[in-house]
Amino acid sequence: MDKTSILNSLDVDLQELEYITELAHININKLDIAGCKEIDRLYFAIDYLREINKDLSKLIAAL
């Protein structure tokens, strides 16, 4: 694969990851369960995915 193909593939992966992250956030909010340890962990995971999205965006822009 050449650099352009890899960047295009990464960009598609990034868009899919952003979409999945938003869907997860929306669905967790629909559960409307407060103070649940598992829900707190899911929110932490979503925040972590958002940080990965930012890092991937920076990487793609730098390449």
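Anything mentioned here points back to the structure above.
Keep in mind that what you see is a predicted model, and the values were worked out from it rather than measured.

Asker: So what about the overall build of the protein? Which residues, and what values?
Answerer: Helix and strand counts for the protein stand at 2 helices and 0 strands. On C-alpha atoms alone, the protein measures out to a radius of gyration of 15 Å, which is more than a quarter above the 11 Å that the 2.2 N^0.38 rule sets for 63 residues. In terms of overall dimensions, the protein has a C-alpha envelope of 45 × 15 × 15 Å along the principal axes. Within the protein, the proportion of its 63 residues that are buried is 13%. Contacts in the protein between residues at least 24 apart in sequence constitute 69% of all its contacts with a sequence separation of at least 6. On the protein, roughly 4,900 Å² of surface is accessible, and the fraction owed to carbon and sulfur atoms is 60%. The positive charge centre, built from 7 side chains, and the negative charge centre, built from 12, are 5 Å apart in the protein.

Asker: Mind laying out helix 1 (residues 3-31), listing which residues take part and the relevant values?
Answerer: Look at helix 1: 42 Å from first C-alpha to last across 29 residues, which is about the 42 Å you get at 1.5 Å a residue. All of the buried residues along helix 1 are Leu7, Leu14, Thr21 and Ile28. Buried residues along helix 1 sit against helix 2 (37-62). Count one or two residues on from helix 1 and you reach Asp32, which has phi positive near 55°.

Asker: Requested: an account of the side chain of Thr21, with residues and values cited.
Answerer: Position of Thr21 relative to the elements: it lies in helix 1. In this structure Thr21 comes out as buried when scored by relative accessible area, which is 2%. At 2.7 Å, the side chain of Thr21 forms a polar contact with the backbone oxygen of Leu17. In contact with Thr21, not counting residues within four places along its chain, are Ile46, Leu49, Arg50 and Asn53.

Asker: Please provide a residue-by-residue account of the packing of helix 1 against helix 2, values included.
Answerer: Viewed as axis vectors pointing N to C, helix 1 and helix 2 meet at an angle of 160°, and their least axial separation amounts to 10 Å. In terms of their interaxial angle, helix 1 and helix 2 are classed as roughly antiparallel. Read as a crossing pair, helix 1 and helix 2 show a hand that is left-handed. Residue classes in the contact of helix 1 with helix 2 are distributed as 15 nonpolar, 5 polar and 4 charged.

Basis of the calculations
- Residues numbered from 1 in each chain as written.
- Predicted model: local features only at pLDDT ≥ 70, side-chain atom pairs only at ≥ 80, totals over all residues.
- Heavy atoms only, no water.
- Helix = DSSP H or I, 4+ residues; strand = E, 2+ residues; numbered from the N terminus.
- Rg over C-alpha atoms; globule rule 2.2 N^0.38 Å.
- Buried < 20%, exposed > 50% of the residue type's maximum accessible area, 1.4 Å probe, protein only.
- Contact = heavy atoms within 4.5 Å.
- Areas by Shrake-Rupley, 256 points an atom, 1.4 Å probe, with all protein chains shown as cover.
- Lys, Arg positive; Asp, Glu negative; His and termini not counted.
- Charge placed at Lys NZ, Arg CZ, Asp CG, Glu CD.
- Expected span 1.5 Å × (residues − 1).
- Polar contact = N/O pair within 3.5 Å; in protein donor to acceptor, adjacent residues only side chain to side chain.
- Axes fitted to C-alpha atoms, helices over the stretch in contact; angles between N-to-C directions.
- Parallel < 35°, antiparallel > 145°, perpendicular 65-115°, else oblique.
- Left-handed = near helix turned anticlockwise from the far one by under 90°.
- Nonpolar A, V, L, I, M, F, W, Y, C, P; charged D, E, K, R; others polar.

By themselves, these are just geometric observations and shouldn't be taken as functional.
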